[in-house]
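Residues per chain, in single letters:
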Amino acid sequence: MKLTYSLRLLLIAMLAGTIAPLSLAQTTTTAQPWMNKALSADERASLVLKEMTLDEKLTLVFGYFGTDSPWKGVTRPPESLHQSAGFVFGVPRLGIPNMYQTDAGVGVASQAGPQVRERTALPSGMNTAATWDPQIGFEGGAMIGSEARTSGFNVMLAGGVNLVREPRNGRNFEYGGEDPLLAGTLVGAQIRGIQSQHIISTLKHFAFNNQETGRFVLNAKVDDAGARMSELLALQIAFEQGKPGSVMCGYNRVNSVYACESAYLLNEVLKNDWGFKGFVMSDWGATHSTVPAANNGLDQQSGFPFDQAAYFREPLKEAVMNGWVTQARMDDMAHRVLQPMFAQGVIDNPVGAPSDKIDFAAHAKVTQSDAEAGMVLLKNANKLLPLNADIKKVAIIGGHADVGVLSGGGSSQVYPVGGMALENLGPAVFPGPMVFYPSSPLKAIKARLPKAQVTFNSGADVAAAAKLAAESDIVLVFANQWTGESIDVPDLSLPDNQDALIAAVAKANVKTVVVLQTGGAVFMPWLENVGAVLEAWYPGTRGGEAMARVLFGEVNPSGHLPITFPAAVAQFPRPVLDGYPEVKDKRFDVDYFEGAAIGYKWYELKGHKPLFAFGHGLSYTDFAYSDLKTQVKNGQLSVSFSIKNTGAVAGKDVAQVYIAPVTAKWEAPKRLGAFQKVELKPGESKTLSVDVDSRLLGMYQSKSKTWQISKGDYQVILATSAAEPQASVKVRLPKQTLNVNGK
Ligand code: BGC
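Residues take numbers from 1 onward in each chain, read along the sequence in its written order. At least 70 in pLDDT is required for a residue's local features to be given in this predicted model, at least 80 for side-chain atom pairs to be given and counted, and no such filter applies to totals for whole chains, interfaces and linings, which use all residues. Excluding hydrogens and water, the side-chain values take into account all heavy atoms of the structure.

Novice: Would you explain empty space enclosed by the protein in this entry?
Specialist: One way to see where empty space is left: roll a probe the size of a water molecule over the atoms. Residues are called lining when one of their atoms sits within 4 Å of a cavity or pocket point, these points coming from a 1 Å grid over the protein atoms alone, where a cavity is a set in which a 1.4 Å probe fits but cannot get out and a pocket is an open set with protein on both sides within 12 Å along at least five of seven lines. Grid points are joined across faces, edges and corners, and a volume is the space filled by probe spheres set on the points. Under the definition given, this model contains six cavities of 30 Å³ or more. Reported here for the largest cavity is a volume of approximately 190 Å³. Lining the largest cavity are 18 residues, and of these Gly105, Gly125, Gly160, Glu174 and Gln190 lie nearest its centre. Put simply, DSSP H or I for four residues or longer makes a helix, DSSP E for two residues or longer makes a strand, and each gets a number counted from the N terminus. Elements that contribute at least two residues to the lining of the largest cavity include exactly helix H5 (125–131) and helix H7 (180–195). Here the term charged refers only to Asp, Glu, Lys and Arg, the term nonpolar to Ala, Val, Leu, Ile, Met, Phe, Trp, Tyr, Cys and Pro, and the term polar to all other amino acids, Gly among them. Across the lining of the largest cavity, the residue classes break down as eight nonpolar, eight polar and two charged. There is about 130 Å³ of room inside the second largest cavity. A class-by-class count of the residues in the lining of the second largest cavity yields ten nonpolar, four polar and three charged.

This is the structure in structure tokens:
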């Protein structure tokens, strides 16, 4: 057949994929076969993919920053949502919507002003982990997911589950603590909640993004088995339970390779071993190449112009045209972006125009419940708490408790409805500002003590604060540690002379209650001298009210530590923080030689006595434990026991089941094997049964990619923290070999 010159050109362009086949370019999308909901997400993605040109496929794998970048002279695409994290063009002619991406873990965040969105903030991820209650995680996720949807977003960059390997990490507040089971379960539940709103959630930062110092350049050294039994296990559990549509690879390098071009992390672990079907997006500025990144598993470059180049735009097209990245891989990348858009309902339930119409009062209740369930009563000498409504003279000192509560800084920053309680605090640029939410603890406390004299003192003048303390019946001293993305804390001491303030106040009045708002663990040199300590983390939009409810016993505290509070820097696996203080662009290694022995596992292995153990948390009531029994059926270990509330008030307990091998050798003396939170009225008792994830009974074998459970005896310990066993029984387990997913 003879073709005219222009027809030939047209055909060449169509084959090269730069323009759409004629027939489809002229059709509408309503009755397209991929809109058939009876088909699987995979099938629908394949059907629409077949209709796409190369340029359209390329569109899907390239993301923009949703905020202007004046330092690069780049303005955001006008279609993106202002002050947002990301934007990816869709393919409107085929009904594929744009992706509007927002941070994330505690709510709909905004890049710093001027036009911030005012939204509901959950407490920090650390607080949510401290609830030990996946239902709370789910409900919080659903709430922030619904605000994201109303705000016009269909992707939330949430699901942070980097394990707390480094207590000084400035982002620990965003994550789920130090234990893979607890962190993976709680973060997985939050992802499920977010995606219940038909928007995609990420899981991040994949992987070993455990400190902020040198995050763009550091090389995390870790062995495969240690990795699979710690950080990767947390990510794997969150992945299984949350089924995130996307996974965000981190900034750092892992065993010398950038995480976003690591064939080991992305192709082998995530896609091959775990069977992930969605897309890997890079963190903002974490893509470093075109061909290696695409071939080693990165599916979408994010946040242009954060990276040095638009690697996944023209260069990727050139790579595909030349076969350096195969057409099949290009199709796979686009398919992976499309699959979760169908699977999560982003296409079937498109987001509407952005709106501020949110039921903030209803959402305040959700965040408040989370805060109340996650605050940890660390010490309560002589039952100083709950506060008695008859007290006459109360001193409230420090922490800006007169105006509000603290939040963590960086990309996850949610700005409060009604504006910040304080202006011009913290760094003027990212990760600042330091944001206080207008939920005043002082006001909430005063409201409960109409007849008392409640006096606030800022704590700036230690002598004046101590004088007030001496003249008061009881003292509540609020102490804060602000942490934020991109910076670690130099050590775990409270900043700004607050230790001296607390010490002076406690010396003046033994009835001193310390209320902490911190990103993670802090040292407490004054601990012996104070009456009570309540760890309130970053408690979110309704933090002040939640604190008052716990302090007055309207809510019985039930949070338990998701991290160990170490006693000294010398106890850390790395007493010196690698790369600190940061020298720009200077590369260095961080050797995670401790492998899977993280947190309580490390402290117990080394015989270090922490300040407070992982899992610790007091209540206003008491619990008694009995009937601890085990059962092994088809290799599955189940543990049952009874818990009784022996005190006078209702409360929630967290039953923690630890497993300690008698003969087998693990990375540490014991692991958390299962947990359950339970509510009990006074005098009530309940019998519970929990299953132990078999991976937590085995050692990962890299060569065979299996989990091996050694035959032998194991202690099953029912405990109220990693250091407080209540009962234990021995169980004999048969030898078992499980696949990489523990099946
Ligand atoms: C953070 C990510 C975040 C992204 C987009 C990065 O700086 O590491 O967690 O999702 O920015 O704002």
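After that view of the structure, there is still more to cover.
Novice: Sorry, what's going on with the site of the ligand here?
Specialist: Of all residues adjacent to the ligand, which total 14 residues, the nearest are Asp103, Arg171, His205, Asp283 and Glu485. Here Arg171 contributes a side-chain N or O atom positioned 2.7 Å from an oxygen atom of the ligand. In the model, an oxygen atom of the ligand is placed 2.7 Å from a nitrogen or oxygen of the His205 side chain. Under the convention used here, a 1.4 Å probe and the Shrake-Rupley method define accessible areas, while residue burial counts only the protein chains that appear. In the complex, 96% of the free accessible area of the ligand, which totals 310 Å², lies under the protein chains. Along the lines of polarity and charge, the residues of the shell around the ligand split into five nonpolar, three polar and six charged. Only a single heavy atom is needed: when it lies within 4 Å of a molecule or strand, its residue is near that molecule or strand. N or O atoms within 3.5 Å of each other form a polar contact, as long as, within protein, one can give a hydrogen and the other can take it, and as long as residues adjacent in sequence are counted only when both atoms are side-chain atoms.

Novice: Hey, could you run me through the packing of aromatic side chains in this one?
Specialist: Geometrically, a pair of aromatic rings is defined through the distance of the ring centres and the angle of the planes. Classification of ring pairs rests on two measures: the distance between centres of Phe, Tyr or Trp rings, Trp counted by its six-membered ring, which must be within 6.5 Å, and the angle between planes, read as stacked under 30 degrees, edge-to-face over 60 and tilted in between. One pass over the structure, following the stated rule, counts 22 aromatic pairs. Ring geometry for Trp132 against Phe614: centres 5.5 Å apart, planes inclined by 50 degrees, an arrangement best described as tilted. Remark: Phe614 occurs in the loop between helix H19 (600–606) and strand S21 (623–633) and Trp132 occurs in the loop between H5 and helix H6 (134–150); sequence separation between them is 482 residues. Burial status follows relative accessibility: with a 1.4 Å probe on protein chains alone, a residue under 20% of its type maximum counts as buried, one over 50% as exposed, and anything between as partly exposed. Residue Trp132 is classed as buried on the basis of its relative accessible area of 0%. Centre to centre, the rings of Tyr600 and Tyr658 are 5.9 Å apart; their planes meet at 85 degrees, and the pair counts as edge-to-face. Highlighted residues: Tyr600 in helix H19 and Tyr658 in strand S23 (residues 651–661), separated in sequence by 58 residues. For the pair Tyr600 and Tyr658, a shared accessibility class is recorded, and that class is buried. Site record: aromatic cluster; members linked through ring pairs are Phe62, Tyr64, Phe87, Phe89, Tyr100 and Phe304. Working rule: Lys NZ or Arg CZ, within 6 Å of ring centre, within 35 degrees of ring normal, means a charge sits over the ring. Sitting above the plane of the Phe304 ring, Arg313 keeps its charged end 4.9 Å from the centroid.

Novice: Would you mind showing me how to read helix H12 (residues 314–321) here?
Specialist: Note on helix geometry: an α-helix contains 3.6 residues per turn, so any two residues three or four positions apart are oriented the same way. Residues Leu316, Ala319 and Val320 constitute the buried set of H12. One side of H12 holds all its buried residues, which, seen down the axis, span an arc of 95 degrees. Against the buried residues of H12 lie helix H4 (54–60), helix H11 (291–295) and helix H13 (327–343). Following H12 by one or two positions, Gly323 adopts a phi angle in the positive range, close to 80 degrees. What the arc measures is the spread of directions leading from the helix axis to the C-beta atoms. Any two residues whose heavy atoms approach within 4.5 Å at even a single point are treated as in contact.

Novice: Where do I start with the pattern of salt bridges in this structure?
Specialist: Close approach of charged atoms allows side chains of opposite charge to pair. Should a side-chain nitrogen of Lys or Arg be within 4 Å of a carboxyl oxygen of Asp or Glu, the pair is scored as a salt bridge. Summed over all chains, the structure comprises 36 salt bridges. Notably, a salt bridge pairs Asp103 with Lys204, separated by 3.7 Å at the nearest N-O pair. Taken together, the residues span a long stretch of sequence, with Asp103 in the loop between strand S3 (99–102) and H5 and Lys204 in strand S5 (residues 200–206) at a distance of 101 residues. One exposure class covers both Asp103 and Lys204, and it is buried. For the salt bridge of Lys601 with Asp179, the shortest nitrogen-to-oxygen distance reads 3.8 Å. Of the two residues, Lys601 sits in helix H19 while Asp179 sits in the loop between strand S4 (155–156) and H7, which places them 422 residues apart along the sequence. Exposure remark for Asp179: the relative accessible area of 1% places this residue in the buried category. The structure contains a network of salt bridges with shared partners spanning Arg171, Glu174, Glu212, Arg215 and Glu485.

Novice: What am I meant to see in the environment of Leu233 here?
Specialist: Assignment of secondary structure puts Leu233 in helix H9 (residues 231–242). Between the C-alpha atoms of Leu233 and Gly673, which are 440 residues apart in sequence, the distance is 13 Å. Apart from residues no more than four positions distant in its own chain, Leu233 is found in contact with Pro180, Ala227, Arg228, Arg695, Leu696 and Trp707.

Novice: What is the right way to look at the sheet that holds strand S24 (residues 671–680) in this model?
Specialist: Only strands joined by at least two bridges in the DSSP assignment are considered to pair. Strands sit in the order S24-S23-S28-S29 across an open sheet of four strands; the sheet is antiparallel. Strand pairing shows two members of the sheet lacking a second neighbour, S24 and strand S29 (724–733), which therefore form its edges. Shown here is a sheet whose adjacent strand axes are inclined to one another by a mean of 20 degrees, direction ignored. Alignment of strand S28 (residues 712–721) against S29, held across nine bridges, turns out to be antiparallel. By the bridge assignment for S29, Gly712 is matched with Leu733. For helices, the fitted line uses only the C-alpha atoms of the stretch in contact; every axis is such a line through C-alpha atoms, and the angle between N-to-C directions lies from 0 to 180 degrees.

Novice: Would you take a moment to explain the pairing of S28 for this structure?
Specialist: The side chains of a regular strand alternate, first on one face of the sheet and then on the other. The element S28 is extensively covered by neighbouring structure, given that nine of its ten residues are classed as buried. Judged from the six bridges that link them, S23 and S28 form a sheet pairing that is antiparallel. Bridged to Ile659 within S28 is Val716. Turn length for the S28-S29 hairpin, with the two strands adjacent in sequence and antiparallel, is two residues.

Novice: I keep staring at the state of the cysteines and nothing clicks. Help me out?
Specialist: Covalent bonding between the sulfur atoms of two cysteines is what defines a disulfide. Here, a disulfide means two cysteine sulfur atoms that sit within 2.5 Å of each other. If you walk through the whole model with that rule in mind, you get one disulfide. Between Cys249 and Cys260 runs a disulfide, and the two sulfur atoms are separated by 2.1 Å. Sign of the S-S torsion, about 110 degrees for the bond between Cys249 and Cys260, identifies this disulfide as right-handed. Of this pair, Cys249 sits in strand S7 (residues 246–249) while Cys260 is found in the loop between strand S9 (257–258) and helix H10 (263–273), placing the two residues eleven residues apart along the sequence. Of the residues examined, Cys249 reaches a relative accessible area of 0% and is grouped as buried.

Novice: Could you clarify how one ought to interpret the nonpolar core in this entry?
Specialist: Soluble globular proteins tend to bury their nonpolar side chains together. In this text, buried Ala, Val, Leu, Ile, Met, Phe, Trp, Tyr and Cys residues form a nonpolar core when linked through side-chain atoms within 4.5 Å. Counting 138 residues, the largest nonpolar core has Ile96, Phe206, Phe208, Leu232, Phe312, Leu316 and Leu551 as the members making the most contacts within it. In terms of residue count, H13 provides more of this core than any other element does, seven residues in total. Setting aside residues up to four positions removed in sequence, Phe312 forms contacts with Leu58, Val61, Phe62, Ser289, Thr290, Ala293, Ala294, Leu298, Asp299, Gln300, Gln301 and Met333. Of all hydrophobic cores here, the second largest spans 49 residues; its members include Tyr600, Trp707, Tyr714 and Val716.

Novice: Explanation requested: the environment of Thr737 in the structure shown.
Specialist: Among the structural elements, Thr737 can be located in strand S30 (residues 736–738). In this structure the C-alpha to C-alpha distance between Thr737 and Asn457, which are 280 residues apart in sequence, comes to 62 Å. Contacts of Thr737, omitting those with residues within four sequence positions, involve Thr706, Trp707 and Gln708. A distance of 3.1 Å separates polar atoms of two side chains, one belonging to Thr737 and the other to Gln708.

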